[in-house]
Amino acid sequence: MGLPTFRQNIHAQQPSSVNIHYLNHVLEVGERRAIEASEDIISGSGLNLLRKGARIDNHMKERLLEHKLRKPLEATLQVGDAVTADQVVTVAERLLDQHAMLRSLYTSGAAQALNLLLRDYATSPILQSLLTVYAEHREAKLDHAVAVSLLTMGMAQKLTRNSEDRARLMLTGWPRKVKATRVESPGRPGPRRKTDRHRR
């Protein structure tokens, strides 16, 4: 049996409502970058809400919030000029050079750390979009996300020899930090949204 990938992990979910805080971050980034549906966005009941290639903007906000989605919104978006694998490598190399503690977690050296870090990222448009939204919304967050991923993957290698358990631990480094954009920023509470369905 193959190791779990980020793509398999994020798709293995039940239909769920769109997180308004994450959507707000997407719309904010969309003012500076093109963001579009990477595939048809389908509701949990099978309704096609947006066609592949449709731009994600404020006109689509209410439509997306009114439905549960078959796939998480972040799994169906493509961000223009997304953070690239080369950018991630550059940050990772710098962090490994600066922090002996990070280097010490990898018995095969920094090259192994970079290979592990890029295993999912280089082949995952989903993760590229998530990281781009996360990094652009908050200053210095790209460094933070990459550092946490290096730390998580290094610790996973120390904690278990089981390849599947290690892979699952490694995966937590990306989603946990990158998907922090799904939580509203501290100190910036927003009004609780009410739909017609909630008012009834």
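Conventions adopted
- Residues numbered from 1 in each chain as written.
- Predicted model: local features only at pLDDT ≥ 70, side-chain atom pairs only at ≥ 80, totals over all residues.
- Heavy atoms only, no water.
- Helix = DSSP H or I, 4+ residues; strand = E, 2+ residues; numbered from the N terminus.
- Contact = heavy atoms within 4.5 Å.
- Expected span 1.5 Å × (residues − 1).
- Buried < 20%, exposed > 50% of the residue type's maximum accessible area, 1.4 Å probe, protein only.
- Arc of directions from axis to C-beta.
- Patch = residues over 30% accessible without salt bridge, like charges linked within 9 Å, V, L, I, M, F, W, Y side chains within 5 Å.
- Areas by Shrake-Rupley, 256 points an atom, 1.4 Å probe, with all protein chains shown as cover.
- Salt bridge = Lys/Arg side-chain N within 4 Å of Asp/Glu carboxyl O.
- Polar contact = N/O pair within 3.5 Å; in protein donor to acceptor, adjacent residues only side chain to side chain.
- Core = buried A, V, L, I, M, F, W, Y, C linked by side-chain atoms within 4.5 Å.

## Considering the environment of Ala147
And step 1. Residue position: Ala147 is located in helix α8 (residues 141-159).
And step 2. Each C-alpha atom of the pair Ala147 and Leu95 lies 6.9 Å from the other, and the pair is 52 residues apart in sequence.
And step 3. Setting aside chain neighbours within four positions, we find Ala147 in contact with Leu95 and Leu102.

## Details of unusual backbone geometry
And step 1. The residue Asp81 is not glycine, and still its phi comes out positive at about 55 degrees.
And step 2. Tracing the chain through its elements places Asp81 in the loop between β6 (77-79) and α4 (85-98).

## Details of the environment of Ile42
And step 1. Structurally, Ile42 is set in strand β3 (residues 41-42).
And step 2. Considered as a pair, Ile42 and Leu69 are 27 residues apart in the sequence and their alpha carbons are 5.9 Å apart.
And step 3. Excluding anything up to four places from it in sequence, Ile42 contacts Leu47, Asn48, Leu69 and Arg70.

## Details of α4
And step 1. Across its 14 residues, α4 extends 20 Å between first and last C-alpha, which sits within 8% of the 20 Å expected from 1.5 Å per residue.
And step 2. Of the residues making up α4, those classed as buried are Val88, Val89, Val91, Ala92, Leu95 and Leu96. Projected onto a plane normal to the axis of α4, the buried residues spread over an arc of 165 degrees and lie on a single side. Projecting away from the buried face of α4 at angles above 90 degrees are the exposed residues Asp86, Thr90 and Asp97.

## Considerations on a nonpolar patch on the surface
And step 1. A grouping of Met101, Leu151, Met155 and Leu159 is seen on the molecular surface, where their side chains present a nonpolar patch of about 390 Å² in accessible area.
And step 2. Take the nonpolar patch: its biggest share by element is three residues, from α8.
And step 3. Here Met101 shows up in helix α5 (residues 100-104).

## Some remarks on the pattern of salt bridges
And step 1. All told, the structure shown has six salt bridges when counted by the stated rule.
And step 2. A salt bridge links Arg32 to Glu136, with the nearest nitrogen and oxygen atoms 2.7 Å apart. Of the two residues, Arg32 sits in the loop between α2 (20-30) and β2 (35-37) while Glu136 sits in helix α7 (residues 125-137), which places them 104 residues apart along the sequence.
And step 3. With a relative accessible area of 24%, Glu136 lands in the partly exposed category.
And step 4. As a salt-bridge pair, Arg33 and Asp81 come within 3.7 Å of each other at their nearest N and O atoms.

## Topic: the side chain of Ser149
And step 1. Mapped onto the fold, Ser149 is located in helix α8.
And step 2. Engagement of the side chain of Ser149 in a polar contact is seen with the backbone oxygen of Ala145, the distance being 2.9 Å.

## Digging into the nonpolar core
And step 1. Counting 25 residues, the largest nonpolar core has Val88, Leu131, Val146 and Leu150 as its most contacted members.
And step 2. Looking at this core, the elements with two or more residues in it are α4, α6 (110-121), α7 and α8.
And step 3. Residues Tyr22, Leu27, Ile35 and Val133 belong to the second largest nonpolar core, which totals 23 residues.

## Digging into the environment of Ile126
And step 1. Along the polypeptide, Ile126 turns up in helix α7.
And step 2. Its relative accessible area of 6% is what places Ile126 among the buried residues.
And step 3. Spatially, the C-alpha atom of Ile126 lies 9.8 Å from that of Leu73, the residues being 53 residues apart in sequence.

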